[in-house]
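Listed here are the chains, written in short residue letters.
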Amino acid sequence: MTAIDGLDDAAIRRILQRTQRIALVGASANPERPSNRVMRFLLDRGYVVTPVNPGLAGHHLHGQRVVASLDEAEPLDMVDLFRASEKVMPAVAAAIRLKAKTIWMQLGVVNAEAAAIARAAGLTVVMNRCPAIERPRLGMEGASPRP
């Protein structure tokens, strides 16, 4: 069965190994929200994560200062999107402008138009996946991202 993003396990593994800096768009202060739990997961595995949420800008989540926009989160390797599928285009455009390497759309987030634009600009696009699921599934729990 082919994944909706067309990426195989080796590609996902490479992304997770090569990524160091992640901007997490849609970060939440609510510990029950998936974005909050995934941020903690990523930090615990050695990634540098900058939470992005204009409503929480200036506050701290898991010890990291929340910024209002992706411009404040650079430099970045990956933009992890906790946004509704129809609302990802502005973040994708910013990620392209800021020269991110990967757009990662979380579970349930699929936007073929945004993905096509990002791919045309040279970014890798992951859709409908979660790194907190993919790392354990790929046997990467003992691994840290490469420096």
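Predicted model, so just to flag it, every value in this text is computed and none were measured.

1. A closer look at the sheet that holds strand β5 (residues 78-81)
Part 1 of the argument: Spatial strand order, β2-β1-β5-β6-β7: five strands in an open sheet with parallel pairing. A single partner strand is all that each edge strand has here, and the edge strands are β2 (48-52) and β7 (124-126). In this sheet, neighbouring strand axes are inclined to one another by 20° on average, regardless of whether the strands run parallel or antiparallel.
Part 2 of the argument: Pairing of strand β6 (residues 102-105) with β7 involves three bridges; the strand directions are parallel. Directly across from Trp 104, in β7, lies its bridge partner Val 126.
Part 3 of the argument: Here helix α2 (residues 34-44) sits on the sheet in contact with β1 (21-25), β2 and β5, set at roughly 175° to β1.

2. A word on α2
Part 1 of the argument: Inspection of α2 places Ser 35, Asn 36, Val 38, Met 39, Phe 41, Leu 42 and Leu 43 among the buried residues, and these make up the whole buried set.
Part 2 of the argument: If you follow the buried residues of α2, they end up packed against β1, β2, β3 (60-61), β4 (64-65), β5 and α5 (131-137).
Part 3 of the argument: With its phi angle positive at about 95°, Gly 46 sits one or two positions after the end of α2.

3. A few points about the pattern of salt bridges
Part 1 of the argument: Scanning all chains against the criterion turns up seven salt bridges.
Part 2 of the argument: One salt bridge connects Arg 129 with Glu 134, and the closest N-O pair in it is separated by 3.4 Å.
Part 3 of the argument: Under the relative-accessibility criterion, Arg 129 is labelled buried at 8%.
Part 4 of the argument: Overall, Glu 134 belongs to the buried group, its relative accessible area being 7%.
Part 5 of the argument: The residue Arg 137 makes a salt bridge to Glu 134 at a minimum N-O spacing of 2.7 Å. With a gap of three residues between them, Arg 137 and Glu 134 both fall in helix α5, about one helical turn apart.
Part 6 of the argument: Residue Arg 137 is classed as partly exposed on the basis of its relative accessible area of 43%.
Part 7 of the argument: Three or more residues are tied together by salt bridges with common partners; here these are Asp 5, Asp 9, Arg 129, Glu 134 and Arg 137.

4. Some details on the pairing of β5
Part 1 of the argument: Residues Met 78 and Asp 80 of β5 are buried on one face, and the alternating residues Val 79 and Leu 81, pointing to the opposite face, are buried as well.
Part 2 of the argument: Both β1 and β5 contribute to a ladder of four bridges, which runs parallel. Of the residues in β5, the one forming a bridge with Ile 22 is Met 78.
Part 3 of the argument: Bridge count for β5 against β6 is four bridges, and the pairing is parallel. Bridging from a neighbouring strand, Val 79 pairs with Ile 103 of β6.
Part 4 of the argument: Since β5 and β6 lie parallel, the crossover through helix α3 (residues 89-97) that links them has a hand, and here it is right-handed.

Thresholds, definitions, all that
Residues numbered from 1 in each chain as written. Predicted model: local features only at pLDDT ≥ 70, side-chain atom pairs only at ≥ 80, totals over all residues. Heavy atoms only, no water. Pairing = 2+ DSSP bridges. Helix = DSSP H or I, 4+ residues; strand = E, 2+ residues; numbered from the N terminus. Axes fitted to C-alpha atoms, helices over the stretch in contact; angles between N-to-C directions. Contact = heavy atoms within 4.5 Å. Buried < 20%, exposed > 50% of the residue type's maximum accessible area, 1.4 Å probe, protein only. Salt bridge = Lys/Arg side-chain N within 4 Å of Asp/Glu carboxyl O. Right-handed = clockwise from strand over helix to strand, strands pointing away.

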